[in-house]
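As a plain string of letters, each chain reads:
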Amino acid sequence: MVTEQLGLTGELTWDSDASQVVVWRLNTTMDHAPRFSSYIGYGEIDALGSQLLRYGFAYQLTTKYTVAFGQTLDFGVDKSR
């Protein structure tokens, strides 16, 4: 957590045989209110030629129910996933 409301994560996968990065991701989350949060992230997967942008939000209706939306766009193949 960077602050109480902002989180940042990253991931890197290194192929020691090819001496290169094969997968990397960078994500951030934000708590806007006690029950509303959003996220956005970007990553690349070299083996698939994918450049992925993920984003979405979640809203906690009650202690039992949450509504969430998320979408992934792949700029490497120009598709929404």
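Structure shown above.
Residues numbered from 1 in each chain as written. Predicted model: local features only at pLDDT ≥ 70, side-chain atom pairs only at ≥ 80, totals over all residues. Heavy atoms only, no water.

Draft legend 1. Region of the structure containing unusual backbone geometry. The backbone phi angle of Ser19 is positive, close to 55°, even though this residue is not glycine. With respect to the helices and strands, Ser19 occurs in the loop between strand 1 (6–15) and strand 2 (20–33). (Helix = DSSP H or I, 4+ residues; strand = E, 2+ residues; numbered from the N terminus.)

Draft legend 2. Region of the structure containing the side chain of Asp74. As for its position among the elements, Asp74 is in strand 5 (residues 66–74). Asp74 sits in the buried class, given a relative accessible area of 1%. A polar atom in the side chain of Asp74 sits 3.0 Å from the side chain of Ser50. (Buried < 20%, exposed > 50% of the residue type's maximum accessible area, 1.4 Å probe, protein only. Polar contact = N/O pair within 3.5 Å; in protein donor to acceptor, adjacent residues only side chain to side chain.)

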